[in-house]
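Now for the letters of each chain:
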Amino acid sequence: MPTAELTMSRQRHRTSCPTRPAKATTIGRAVGVAALLLALDAPLATAASSDTYRNYADLAGHETEGVDYLRTVHRGTTGVAHIAIHGGKIEAGTTELARESAAGKNDSFYSFQGIKPTGNSALHITATHFDEPKALQLVKASHHTVSWHGMAGDAPATYVGGKDKQLRDRIRTQLRAAGFNAPDKLPPKLEGVDPANITNRNGRGMGVQLEITRAQRDALMTNGKPNAAFRAYTAAVEKSLP
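Below, the structure is looked at part by part. Here the structure is a predicted model, which is why all the values come from computation and not from measurement.

Moving on: the side chain of Asn-200. Locating Asn-200 in the fold gives a position in the loop between helix H6 (165-177) and strand E6 (208-213). Here the side chain of Asn-200 touches Lys-163 through a polar contact of 3.3 Å, landing on its backbone nitrogen. If near-sequence neighbours (up to four positions away) are discounted, Asn-200 is found in contact with Gly-162, Lys-163, Gly-192, Val-193, Asp-194, Pro-195, Gly-205, Met-206 and Gly-207.

Structure follows, in C-alpha cells:
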C-alpha cells in the first residue's frame, strides 16, 4: 500500500512486523512497539510511518536476496506493466494477480516478493518510497502501469486509484461488469495520485493502483490456487487495457 496513501490497516498476518534492525535502548524498543500497535489500529496512519526501511537501499543493507526476498522481472512487448511491489508473503496474492494479468498479452511484469518464514511485513516499502532500480526502470519504460496491492478488509472490494483517470474508470467498470465490487469512493489516502507513487512514474506520468481487500483476494483462491473468479478478475483488468 502506498505512502501518503491510507494503509486502511495492515494485513492481518503482518502484526508481527519487527522494528528496524538497529541498536536501541529498552525504552526505545518499547516506544517503537507501542507506536506500531497504534499504527495498526489507526485507520488514517500512513504506511511510511510504520515501514521498517526507508527505501530499497536501506532494505538491501539488512536483508538477503534469495533468502528474505526475490525480485522478478519480465519485459513484455506492449508498453503495459503490471507490478506487485508487496508480493509474495507481504500482501498475499498480488504477485499471482499481476503475473496472470501480464501473461495474456505479454505485458511487462515485476514483483518484489517476501519469502521469509515470518516477519515479511518488515519488507514493505510504501509505494511513494519504493525505488528498487529494476522496478523503476521497467515502469519508466511503460506507458500504462497497473500496481497491485493488498489491504485488510472483511468484505470483498477493490479500490481503484491512480492518476490515470481514464484507465482507472475503465478498470472499475469492467470489474463491476464481471460481478466484482469496485466502489466509486476511495478511503482517504488510498487515491494513489501522488506523483512519487511508483505507478505514476511511467512514461506518461500516470498509472493505476488497485487496493484489493483480503476478503476479495481470498475469494479468488481455492486451496491456495487460482479459481474461476481469479480468472474472471484478471480478464476484467486485461480487457480494460490498450
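Alright, that's what it looks like, and here's the rest.
Strand order in the open sheet made by the six strands is E1-E3-E2-E4-E6-E5, with mixed pairing throughout. The open sheet has two edge strands, strand E1 (69-74) and strand E5 (158-161), and neither has a second partner. Direction aside, neighbouring strands of the sheet carry axes that sit 15° apart on average. Relative to strand E3 (residues 108-114), E1 is paired through six bridges, and the arrangement is antiparallel. In the sheet register, Val-73 faces E3, and the bridge partner there is Tyr-110. Against the sheet, H6 makes contact with strand E4 (144-151), E5 and E6, and its axis sits at roughly 160° relative to E5, the strand it touches most.

Calculation criteria
- Residues numbered from 1 in each chain as written.
- Predicted model: local features only at pLDDT ≥ 70, side-chain atom pairs only at ≥ 80, totals over all residues.
- Heavy atoms only, no water.
- Helix = DSSP H or I, 4+ residues; strand = E, 2+ residues; numbered from the N terminus.
- Polar contact = N/O pair within 3.5 Å; in protein donor to acceptor, adjacent residues only side chain to side chain.
- Contact = heavy atoms within 4.5 Å.
- Pairing = 2+ DSSP bridges.
- Axes fitted to C-alpha atoms, helices over the stretch in contact; angles between N-to-C directions.

Everything listed is a geometric property; what it means functionally is a separate question.
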